[in-house]
Amino acid sequence: MEASVGVRAPPRGRVWAGVEKPHGAYSVRVPPVRLTAERLLPSRRVVLGADPWRTVDPALRAAKLRASCSAKSAGTGKVHYSADEALILQQKAQDVLPYLDGRCVYLVGMMGSGKTTVGKILAEVLGYSFFDSDKLVEKAVGISSVAEIFQLHSEAFFRDNESEVLRDLSSMHRLVVATGGGAVIRPINWSYMKKGLTMWLDVPLDALARRIAAVGTASRPLLHQESGDPYAKAYAKLTSLFEQRMDSYANADARVSLEHIALKQGHNDVTVLTPSTIAIEALLKMESFLTEKTMVRN
């Protein structure tokens, strides 16, 4: 079943990897999503300690999520990439689609690794719809941000609802899902995501810390706790989180290493990589995994 999710245009100027829109690039529209809180669950603010997911029958909750999936239509969100990149993306997508056979693609990785940006490109070229699991949790519980959910409730409350969202999405098809950085820590989430294809966007911690320090930590509840130098604070916390999650990320079907991509292109700095370059590598890794799996099966 196809779904549609709301996509906002990326910030004008620099994208997350620090690259300006290339000269001669053209714009590709990303299908928007019409996913409203009213469609998911009744619109209401969660009372502290209450869990709205628990008040709705699981079958009904899944049905509500399916009902919220509308046909794709033209939207205002745009992703910029060059004509050459567009041709490669389309070609690799066509190579992958027969093997993918409608299965969902789940992107995992640390916060700030570009899952949303790359996910929108993959959804566009694959003809899939895009979902951000964090945004779905926010809609489900009626709270406007993950940081506020952590503040009003707890991380455990958020993780419970995150698992419910992933469970419901796992019954659908033709979706690209950007998951939260900590979604990998619960084994039950892997049982949902493994119904599709899982891909780990592996970004050096130094690059993540620089990017997060530049934009601020207000939207990152696990980082927005201590005072001090933004970069040092972000790097220390990211290192700790990565050590806890590294083995879980390695459960993904395919790994997209930005260091590896940069080395292939003769760079030492991953911030020179464009999201479309990363998406192309993701499609290559996707094709490699799926064709090998097919060969083993045969």
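None of the values given here were measured: they were computed from a predicted structure.

### Focus: the overall build of the protein chain
Thinking step 1. The number of helices and strands found in the protein chain is 12 helices and 7 strands.
Thinking step 2. Burial analysis of the protein chain (298 residues in total) assigns 51% to the buried set.
Thinking step 3. Summarising the internal contacts of the protein chain: among those between residues at least 6 apart in sequence, 80% fall at separations of at least 24.
Thinking step 4. Element-wise, carbon and sulfur atoms account for 53% of the exposed surface of the protein chain, whose accessible area totals about 13,700 Å².

### Some remarks on unusual backbone geometry
With the exception of glycine, most residues fall at negative phi, and the peptide bonds are largely trans.
Thinking step 1. Within the chain, aspartate 101 stands out as a residue other than glycine whose phi angle is a positive 55°.
Thinking step 2. Mapped onto the fold, aspartate 101 is located in the loop between helix H3 (83–100) and strand S3 (105–108).
Thinking step 3. Look at arginine 174: it is not a glycine, yet its phi comes out positive at around 55°.
Thinking step 4. Classification of arginine 174 by relative accessible area gives partly exposed; the value is 27%.

### Here we look at the environment of alanine 123
Thinking step 1. Turning to its location among the elements, alanine 123 is positioned in helix H4 (residues 115–126).
Thinking step 2. The buried category is assigned to alanine 123, whose relative accessible area is 2%.
Thinking step 3. A C-alpha to C-alpha distance of 9.0 Å links alanine 123 and valine 177, two positions 54 residues apart in sequence.
Thinking step 4. Contacts of alanine 123, omitting those with residues within four sequence positions, involve Tyr128, Ser129, Phe130 and Val176.

### Description of the packing of aromatic side chains
Thinking step 1. Under the criterion given, the structure shown has 5 aromatic pairs.
Thinking step 2. The interplanar angle of 50° and the centroid separation of 5.5 Å between the aromatic rings of phenylalanine 150 and phenylalanine 158 together place this pair among those described as tilted.
Thinking step 3. By relative accessible area, which is 2% here, phenylalanine 158 ends up buried.
Thinking step 4. An aromatic cluster is defined as three or more aromatic residues linked by ring pairs; in this entry it consists of Trp200, Phe242 and Tyr249.
Thinking step 5. The residue whose ring lies beneath arginine 255 is tryptophan 200, and the NZ or CZ to ring-centre distance is 5.5 Å.

### Considering the nonpolar core
Thinking step 1. Core analysis: the biggest nonpolar cluster contains 74 residues, and Leu100, Leu122, Leu126, Leu169, Val176, Met199 and Met286 have the highest contact counts within it.
Thinking step 2. Those residues in contact with leucine 122 that lie beyond four places of it in its chain are Leu107, Val176, Ala279, Ala282 and Leu283.

### Observations regarding the pairing of strand S4 (residues 129–132)
Thinking step 1. Burial along S4 is two-sided: Ser129 and Phe131 facing one way and Phe130 and Asp132 facing the other are all buried.
Thinking step 2. Pairing analysis gives 4 bridges linking S4 to strand S5 (residues 175–178), with the strands arranged parallel. Residue pairing for S5: aspartate 132 is matched across the bridge by alanine 178.

### Here's the deal with the packing of H3 against H4
Thinking step 1. At a minimum axis distance of 9 Å, the contact between H3 and H4 shows a crossing angle of 75°. The angle between the axes of H3 and H4 places the two elements in the roughly perpendicular class. In this structure, H3 contributes Leu89, Gln90, Ala93, Leu97 and Leu100 to the contact, and H4 contributes Ile121, Val125 and Leu126.
Thinking step 2. Here the contact of H3 with H4 is built from residues that sort into 7 nonpolar, 1 polar and no charged.

### What about the sheet that holds S5?
Thinking step 1. Across the sheet, 5 strands lie side by side as S4-S5-S3-S6-S7; this open sheet has parallel pairing. Across the chains shown, the open sheet's two edge strands, defined by having one partner strand only, are S4 and strand S7 (254–257). Adjacent strand axes in the sheet meet at a mean angle of 20°, parallel and antiparallel pairs treated alike.
Thinking step 2. Across the sheet, H4 is in contact with S3, S4, S5 and strand S6 (197–202); its angle to S4 comes to roughly 160°.

### Observations concerning the side chain of asparagine 189
Thinking step 1. Within the secondary structure, asparagine 189 sits in helix H8 (residues 187–193).
Thinking step 2. Exposure remark for asparagine 189: the relative accessible area of 0% places this residue in the buried category.
Thinking step 3. Non-local contacts of asparagine 189, meaning those with residues more than four positions away in its chain, are made with Glu162, Ser163, Leu166 and Ala183.

### A closer look at the confidence of the model for the protein chain
Thinking step 1. Across the protein chain, pLDDT averages 79, with 69% of residues at or above 70.
Thinking step 2. Long-range and interchain partners of residues 1–55, a stretch whose pLDDT sits below 50, account for 164 contacts in this model, where long-range means more than four residues apart.
Thinking step 3. Segment residues 69–76: pLDDT under 50, and 24 contacts once partners within four positions in sequence are set aside and those in other chains are kept.

### Observations concerning the pairing of S3
Thinking step 1. Residues Val105 and Leu107 line one face of S3 and the alternating positions Tyr106 and Val108 line the opposite face, and both faces are buried.
Thinking step 2. In terms of strand pairing, S3 meets S5 through 3 bridges, oriented parallel. The residue of S5 that forms the bridge with tyrosine 106 is valine 177.
Thinking step 3. Note: S3 against S6, 4 bridges, orientation parallel. Counted as the bridge partner of valine 105 is leucine 197 from S6.

Procedures and definitions
Residues numbered from 1 in each chain as written. Predicted model: local features only at pLDDT ≥ 70, side-chain atom pairs only at ≥ 80, totals over all residues. Heavy atoms only, no water. Helix = DSSP H or I, 4+ residues; strand = E, 2+ residues; numbered from the N terminus. Buried < 20%, exposed > 50% of the residue type's maximum accessible area, 1.4 Å probe, protein only. Contact = heavy atoms within 4.5 Å. Areas by Shrake-Rupley, 256 points an atom, 1.4 Å probe, with all protein chains shown as cover. Phe/Tyr/Trp six-rings, centres within 6.5 Å; stacked < 30°, edge-to-face > 60°. Lys NZ or Arg CZ within 6 Å of the ring centre and 35° of its normal. Core = buried A, V, L, I, M, F, W, Y, C linked by side-chain atoms within 4.5 Å. Pairing = 2+ DSSP bridges. Axes fitted to C-alpha atoms, helices over the stretch in contact; angles between N-to-C directions. Parallel < 35°, antiparallel > 145°, perpendicular 65-115°, else oblique. Nonpolar A, V, L, I, M, F, W, Y, C, P; charged D, E, K, R; others polar. pLDDT = per-residue confidence, 0-100.

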